[in-house]
Amino acid sequence: MSDRRLPDVSGSAEYETLLLDVSRLLERARQSAGRAVNAVMTATYWQIGRRIVEREQRGSERASYGEELVAKLAKDLTARFGRGFSRTNVFQMRQFFLAYREKIQTVSEFSGADSIVQTPSGFFIGNPAFPLSWSHYVRLLTVPDAEARDYYENESLRGGWSVRELDRQIASRAYDRLGGKRTSSISKADRHAADYEIRDPFVLEFLDLKDEYSESDLENALITELERFLLELGNDFTFVARQRRLRIGTEW
């Protein structure tokens, strides 16, 4: 037998292209799988909430019945499935259904292949009924106003907000700042018209100002933050003064 060795292609440009292409395929597949699992679990939590509400409606009329039911269900689910089914989490599933039962008219049972769909690229993603992560929806449940909640959900999808960014936007009352209540009667298409998109608001919640403040209060808060920032940069920077006269041309 002749000694036939395979050619060494590890350093060739063709091989590097192949490796990069395959790596991208695997990365996209992992991302799609993660989205599919998340969508299925989120939809399952919606279904759990629906069943809790339906059982409450058929059960006792005592006010404490719902709390007793959630507490017992949480205990038994934790015993069977482990973490993730605390009383708080199960109660949030109930809230989730109540908040979205009007918006989501029907959601399939999400089992097996019925829970995923195939895209033209060949990858599978979860049912689009709940495109955000469960953590996003848990944060959205803290927004009592339905229109504001819809705004934050839509903006999270449009802007790709992380849970942390969503939390920041809610905490800084972005819906109110950007005229959400004032424009609540405007159509969705009009809200995203050119004049809406080019707005450039300043988010200054880090200044910890009250709802009403004077121009001098804003100036002092801004300068204090700038002073603190410059001093933290070290010896190569200096804070000269809070106010300083400047000459521009022939004028001060």
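Since the model is a prediction, treat every value here as computed from it, not as a measurement.

Q: Looking at this structure, I do not really get the nonpolar core. What am I missing?
A: The tendency in soluble globular proteins is for nonpolar side chains to be buried side by side. Ranked by internal contacts, the top residues of the largest apolar core, which has 31 residues, are Phe 85, Phe 96, Tyr 100, Phe 130, Tyr 137, Leu 140 and Tyr 152. Residue assignment for this core shows that the elements contributing at least two residues are α1 (13-58), α2 (65-81), α3 (87-100), α4 (134-140), α5 (146-159), α6 (163-171) and α7 (174-177). Counting residues per element, this core draws most heavily on α1, which supplies six residues.

Q: I'm lost on the packing of α2 against α3 in this one. Help?
A: In a packed pair of helices, the relevant descriptors are the angle between the two axes and the axis-to-axis distance. Contact pair α2 / α3: the axes reach a minimum separation of 8 Å and the direction vectors enclose 125 degrees. Here α2 is positioned oblique relative to α3, judged by the angle of their axes. The handedness of the crossing between α2 and α3 is right-handed. On α3, the residues that touch Glu 67, Val 70, Ala 71, Leu 73 and Ala 74 of α2 are Arg 87, Val 90, Phe 91 and Arg 94. Here the contact of α2 with α3 is composed, by residue class, of six nonpolar, no polar and three charged.

Q: For this particular structure, what's the right way to read the environment of Glu 155?
A: Among the secondary structure elements, Glu 155 is positioned in helix α5. Sequence separation of Glu 155 and Leu 166 is 11 residues, and the distance between their C-alpha atoms is 8.8 Å. Reaching out from Glu 155, the side chain makes a polar contact with the side chain of Arg 158 at a distance of 2.9 Å.

Q: Even after reading the chapter, I still don't get the confidence of the model for the chain, so can you show me in this structure?
A: Low pLDDT means the predicted atomic positions in that stretch should not be read closely. Averaged over all residues, the pLDDT of the chain equals 75, while 71% of them reach at least 70. Across residues 108-126 the pLDDT falls below 50, and counting only partners more than four positions away or on other chains, this stretch makes 37 contacts in the model. This stretch, residues 182-186, has a pLDDT under 50; its non-local contacts, to residues over four places away or in other chains, come to six contacts.

Q: Sorry, what's going on with the environment of Tyr 151 here?
A: Turning to its location among the elements, Tyr 151 is positioned in helix α5. Along the sequence, Tyr 151 and Tyr 175 sit 24 residues apart, while their C-alpha atoms lie 7.0 Å from each other.

Q: How should the pattern of salt bridges be read in this particular structure?
A: A side chain with one charge can pair with a side chain of the opposite charge if their charged atoms come near. For the structure on display, the rule yields eight salt bridges. Put simply, Asp 76 and Lys 72 hold a salt bridge, and the shortest N to O gap is 3.5 Å. Here Asp 76 and its partner Lys 72 are both found in helix α2, four residues apart, which amounts to about one turn of the helix. Taking the shortest distance from any N to any O, the salt bridge between Arg 139 and Asp 167 comes out at 2.3 Å. Of the two residues, Arg 139 is situated in helix α4 and Asp 167 in helix α6; the sequence distance between them amounts to 28 residues. Here Asp 167 falls in the partly exposed class, since its relative accessible area comes to 34%.

Analysis parameters
- Residues numbered from 1 in each chain as written.
- Predicted model: local features only at pLDDT ≥ 70, side-chain atom pairs only at ≥ 80, totals over all residues.
- Heavy atoms only, no water.
- Core = buried A, V, L, I, M, F, W, Y, C linked by side-chain atoms within 4.5 Å.
- Buried < 20%, exposed > 50% of the residue type's maximum accessible area, 1.4 Å probe, protein only.
- Helix = DSSP H or I, 4+ residues; strand = E, 2+ residues; numbered from the N terminus.
- Axes fitted to C-alpha atoms, helices over the stretch in contact; angles between N-to-C directions.
- Parallel < 35°, antiparallel > 145°, perpendicular 65-115°, else oblique.
- Left-handed = near helix turned anticlockwise from the far one by under 90°.
- Contact = heavy atoms within 4.5 Å.
- Nonpolar A, V, L, I, M, F, W, Y, C, P; charged D, E, K, R; others polar.
- Polar contact = N/O pair within 3.5 Å; in protein donor to acceptor, adjacent residues only side chain to side chain.
- pLDDT = per-residue confidence, 0-100.
- Salt bridge = Lys/Arg side-chain N within 4 Å of Asp/Glu carboxyl O.

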